[in-house]
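What follows is the residue order along each chain.
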Amino acid sequence: MARFLDLPPEQADLEDARAVILPLPFEATTTYGKGTGRGPAAIIEASTQVELYDEELNEEPCQIGIATARPPEGFSSDPEEAIAQISAACEVLLERGKFVVGLGGEHTVSVGLIRAYSKYFPDVRVLQLDAHSDLRDIYQGSKFNHACVMARVSEICPYVGVGVRSGVAGERAVLNPPSRLIYAHEMRRNTEWVEEVVGALAGPVYITIDLDFLDPSIMPSVGAPEPGGFLWYETLEFLRQVINSHTVVGFDVVELSPKTDLPASDFLAAKLIYKLLGYLFEDELEKS
Ligand SMILES: [Mn+2]
């Protein structure tokens, strides 16, 4: 597999890199549009076209070193096994002090990543960006279906879900505070939503980004596109504020279902990852 951003070997060396891209081409329980298994490769391929210079930060965020790991060896197609493999792979990287960026794959992969993170950061809280609440306890006979991701996450740690515009009746009642679910229509009505979400988070924060949080007009390459999503700059401004207000310890970008005639989606995912790494390591970049 190619290297994220096609960085020269010295900037992509696992030993020295601050951040590691962990491709997780897992797809087993997708229900609607298929193809998330090809997501990581498509994001990495598109990333080779991303400019290394970030004009907003006036820095080259790649200076922190960004390595690209291999997917877990003998990657299982069974969700539970795959989650265990992902968790183990993530732990190895956390042990080495790396900032891990998980690349999905279907959203199920986040359960493995968050499981590993919760071991290293026992008081971690998750911020979920997603069009779907993913709160079903069981779906199509499995507790590890992508429609159950946040039900499983809520068993690991508290979380705040934002941007949701598709869910099931009574889902809020199953959440124990401080976990919270904020619907997209509520965010649209409340100009203070960014401050509200930032205020609802505490401790080390892990961000899981289901790309269908974004509006299908800018992110059509997802399995279950939902109208009424978020646009590029509002998403960046929101995430930058989260990063500036909290210690963000890791994130994942999941559910890209690449289509050959829509390369802009793959590029958006790659650029989003690079923008976030720039925001996250801005202080270190300024010092260097
Ligand atoms: Mn999801």
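Residues numbered from 1 in each chain as written. Predicted model: local features only at pLDDT ≥ 70, side-chain atom pairs only at ≥ 80, totals over all residues.

Can you help me understand unusual backbone geometry in this one?
For residues besides glycine, phi is generally negative; the peptide bonds are generally trans as well. Here Gly-104 and Gly-105 are connected by a cis peptide whose omega angle stands at 15°. Checked against the element boundaries, Gly-105 lands in the loop between β3 (99-104) and α3 (109-120). In this structure, Pro-178 follows Pro-177 across a cis peptide bond, with omega equal to 10°. On the secondary structure map, Pro-178 appears in the loop between β5 (159-164) and β6 (180-183). Of note, Asn-58 is a non-glycine position whose phi angle comes to about 55°, a positive value. With respect to the helices, strands and loops of the structure, Asn-58 is situated in the loop between α1 (39-47) and β2 (66-68). Unusually for a residue other than glycine, Asp-134 sits at a positive phi of about 50°. (Helix = DSSP H or I, 4+ residues; strand = E, 2+ residues; numbered from the N terminus.)

Please explain the pairing of strand β8 (residues 247-254) as it appears in this structure.
For a regular strand, side-chain orientation follows a simple rule: the groups alternate between the two sheet faces. Across the 8 residues of β8, 6 count as buried, placing the element largely inside the fold. Pairing between strand β7 (residues 204-210) and β8: 7 bridges, direction parallel. Paired with Val-205 across the strands is Val-248, a residue of β8. (Buried ≥ 20, exposed ≤ 12 C-beta atoms within 10 Å, placed from the backbone. Pairing = 2+ DSSP bridges.)

Looking at this model, I keep getting lost on the pairing of strand β4 (residues 125-129). Mind explaining?
Burial of β4 is extensive: 5 of the 5 residues sit out of reach of the surface. Burial along β4 is two-sided: the face carrying Arg-125, Leu-127 and Leu-129 and the face carrying Val-126 and Gln-128 are both buried. As paired strands, β4 and β7 are joined by 5 bridges and run parallel to one another. Residue Leu-127 lies in a different strand from β7, and its bridge partner there is Ile-207. Of the pairings in the sheet, the one linking β4 to β5 comprises 4 bridges and is parallel in character. Opposite Val-126, over in β5, you have Tyr-159 as the bridge partner.

Please clarify how the nonpolar core should be interpreted in this entry.
Generally speaking, nonpolar side chains in soluble globular proteins are found buried as a group. Membership of the largest hydrophobic core comes to 86 residues, with the highest contact counts inside it found for Val-20, Leu-22, Ile-66 and Leu-211. Here this core gets 9 residues from one element, more than from any other, and that element is helix α8 (residues 263-280). Every residue in contact with Leu-22, bar those within four places of it in the chain, is listed here: Ala-69, Ala-89, Cys-90, Leu-93, Val-100, Val-101, Gly-102 and Leu-103. (Core = buried A, V, L, I, M, F, W, Y, C linked by C-beta atoms within 7 Å. Contact = placed C-beta atoms within 7 Å.)

Help me understand the packing of α1 against α8 in this model?
The description of two helices packed together rests on the angle between their axes and the distance between the axes. Where α1 contacts α8, the two axes come as close as 8 Å, and the packing angle between them is 80°. In terms of orientation, α1 lies roughly perpendicular with respect to α8. On α8, the residues touching Ala-42, Ile-43, Glu-45, Ala-46 and Ser-47 of α1 are Pro-263, Asp-266, Phe-267, Ala-269 and Ala-270. Of the residues assigned to the contact of α1 with α8, the class counts are 7 nonpolar, 1 polar and 2 charged. (Axes fitted to C-alpha atoms, helices over the stretch in contact; angles between N-to-C directions. Parallel < 35°, antiparallel > 145°, perpendicular 65-115°, else oblique. Nonpolar A, V, L, I, M, F, W, Y, C, P; charged D, E, K, R; others polar.)

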